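Summary of the model geometry
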Amino acid sequence: MIDNLKRIKETGIDNFMVIENEKWTCEKCGDIICVHTWKCTKCGYQVKLP
Ligand SMILES: [Zn+2]
């Protein structure tokens, strides 16, 4: 979370949201990944944790 805050300051909140939105898109079906469970809300695809 500290790194995230640094990036927001460096890139601005708009850029940050774009980057985050790409990250939270399911690579299988293109739906939204739940930020809490790291699972696609549509197909249930589990994103690998970093
Ligand atoms: Zn999906």
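A short tour of the structure in this document, coming up. (Residues numbered from 1 in each chain as written. Predicted model: local features only at pLDDT ≥ 70, side-chain atom pairs only at ≥ 80, totals over all residues. Heavy atoms only, no water.)

Quick look at the nonpolar core
This is how the line gets drawn: We call a set of buried residues a nonpolar core when its members are Ala, Val, Leu, Ile, Met, Phe, Trp, Tyr or Cys and they connect through side-chain atoms within 4.5 Å of each other. A simple rule labels every residue: compare its accessible area, found with a 1.4 Å probe on the protein chains alone, to the largest value its type can have, and call it buried under 20%, exposed over 50%, or partly exposed in between. Pairs of residues are marked as contacts when any of their non-hydrogen atoms sit within 4.5 Å.
Residues Trp-24, Cys-26, Ile-33, Trp-38, Cys-40, Tyr-45 and Val-47 constitute the largest nonpolar core, which totals seven residues. If we ignore the near neighbours within four places in the chain, the residues touching Ile-33 are Trp-24, Thr-25, Cys-26, Trp-38, Lys-39, Cys-40, Tyr-45 and Val-47.

What to know about the coordination of the zinc ion
Using the following cut-off: Any N, O or S atom lying within 2.8 Å of the metal counts as a donor, and for Na, K and Ca the limit rises to 3.2 Å; water is left out, so some sites can look incomplete. The helix and strand labels rest on DSSP assignments: H or I over at least four residues marks a helix, E over at least two residues marks a strand, and numbering proceeds from the N terminus.
The zinc ion binds to the protein through Cys-26 (SG), Cys-29 (SG), Cys-40 (SG) and Cys-43 (SG), with metal-donor distances spanning 2.3 Å. Written as a sequence motif, the donor arrangement for the zinc ion is C-x2-C-x10-C-x2-C. Of this pair, Cys-29 sits in the segment after helix H2 (13-23) while Cys-40 sits in the segment after H2; the two residues are eleven residues apart in sequence, bridging distant segments of the chain. Judged by relative accessible area, Cys-29 falls into the partly exposed class, the value being 35%.

Remarks on the packing of aromatic side chains
What counts here: Only Phe, Tyr and Trp rings are paired, with Trp represented by its six-membered ring, and only when their centres lie within 6.5 Å; those with planes under 30 degrees apart are stacked, over 60 edge-to-face, the remainder tilted.
On inspection of all chains with the given rule, the structure shows one aromatic pair. Plain terms: the ring middles of Trp-24 and Trp-38 are 5.0 Å apart, the flat faces sit at 70° to each other, and that makes the pair edge-to-face. Linking Trp-24 in the segment after H2 with Trp-38 in the segment after H2, this pair joins segments that are 14 residues apart in sequence. Accessibility assignment for this pair places Trp-24 and Trp-38 in one class, buried.

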